[in-house]
Amino acid sequence: MKSALLLGLCATLGLAQAPRSPQHPPRNAPPSRVQDPRFMARLFQWRASRIQSVLGLPEDRARMMAEKWGRWDREHMERGQQTAELRRQFHQILMGPEAEDEKNVRLKPVVDGYMTLRRAQEAGRKQFEEDIRAGLSPAQQARLILVMEEIQQKLREGLKDAR
């Protein structure tokens, strides 16, 4: 069950880690929907409502879960942007004119930073999973996993509409 939750959560925000392409906005593009407080407030309200109705939780508990989820969204996306920047640095160094030895010297700290970010991302994911599952019965956890696709789709649509 944990792996299904993990896969669902990864898919929710996988767009944040994708490399820049014609489909992804350039650096000087206007702020994304996830930086739009109105969009995020609507997403929060909708997410809290869905959590409350599907899991049968009291409103305050559903809101608390939605807040945790929103925090994780922001942290995950921030680390995803940092990871994308490091990948850009990989490419820049690898395509540079330096000899392989010099590239290795320049790449080492970038690779180390990338691995540190990956470990932080995994630790954050584990903590989020533990936090969001805490106090839920197995039936509620299963319901959450099932409703996650709907929640993910809503986020993807909101992000897509912004493009």
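Enquirer: Please clarify how the overall build of the protein chain should be interpreted in this entry.
Expert: Across its full length, the protein chain holds five helices and zero strands. In the protein chain, the order of α-helices and β-strands from amino to carboxyl end is α-α-α-α-α. Relative to its 163 residues, the protein chain shows a buried fraction of 36%. Here the contacts in the protein chain between residues at least 6 apart in sequence split such that 71% fall between residues at least 24 apart.

Enquirer: I tried to follow the packing of aromatic side chains on my own but got confused; where do I start?
Expert: The geometry of an aromatic ring pair is captured by two quantities: the separation of the ring centres and the angle between the planes. Inspection of every chain in the model, using the stated rule, returns three aromatic pairs. On the numbers, 4.9 Å between centres and 20° between planes, the contact of tryptophan 72 with phenylalanine 128 is stacked. Of the two residues, tryptophan 72 is situated in helix H3 (residues 59–94) and phenylalanine 128 in helix H4 (residues 100–133); the sequence distance between them amounts to 56 residues. Look at phenylalanine 128 and you get buried, because its relative accessible area is 4%. Clustering of aromatic rings is evident, with ring pairs tying together Trp69, Trp72 and Phe128.

Enquirer: Would you mind going over the environment of arginine 133 with me for this structure?
Expert: Secondary-structure assignment places arginine 133 in helix H4. Residue classification places arginine 133 among the partly exposed residues on the basis of a relative accessible area of 24%. Taking C-alpha positions, arginine 133 is 9.1 Å from leucine 144, a pair spaced 11 residues apart along the chain.

Enquirer: Would you take a moment to explain the confidence of the model for the protein chain for this structure?
Expert: Caution is warranted with low-pLDDT regions, since their predicted coordinates should not be read in detail. For the protein chain, the average pLDDT comes to 80, and 77% of its residues sit at 70 or higher. Ignoring residues within four places in sequence, the model shows residues 1–29, a span with pLDDT below 50, making 52 contacts including any to other chains.

Enquirer: Mind showing me how you'd approach the pattern of salt bridges here?
Expert: Think of it this way: side chains of opposite charge can pair up when their charged atoms draw near. All told, the structure shown has five salt bridges when counted by the stated rule. Between arginine 47 and aspartate 73 there is a salt bridge, and its shortest N-O distance comes to 2.8 Å. With a gap of 26 residues between them, arginine 47 in helix H2 (residues 37–55) and aspartate 73 in helix H3 connect regions that are remote in the sequence. For arginine 47, a relative accessible area of 2% gives the class buried. Given a relative accessible area of 3%, aspartate 73 falls into the buried group. Across the salt bridge formed by lysine 108 and aspartate 112, the nearest N and O atoms sit 2.9 Å from each other. Linking lysine 108 with aspartate 112, this pair stays in helix H4, spanning four residues, or about one helical turn.

Rules behind the numbers
- Residues numbered from 1 in each chain as written.
- Predicted model: local features only at pLDDT ≥ 70, side-chain atom pairs only at ≥ 80, totals over all residues.
- Heavy atoms only, no water.
- Helix = DSSP H or I, 4+ residues; strand = E, 2+ residues; numbered from the N terminus.
- Buried < 20%, exposed > 50% of the residue type's maximum accessible area, 1.4 Å probe, protein only.
- Contact = heavy atoms within 4.5 Å.
- Phe/Tyr/Trp six-rings, centres within 6.5 Å; stacked < 30°, edge-to-face > 60°.
- pLDDT = per-residue confidence, 0-100.
- Salt bridge = Lys/Arg side-chain N within 4 Å of Asp/Glu carboxyl O.

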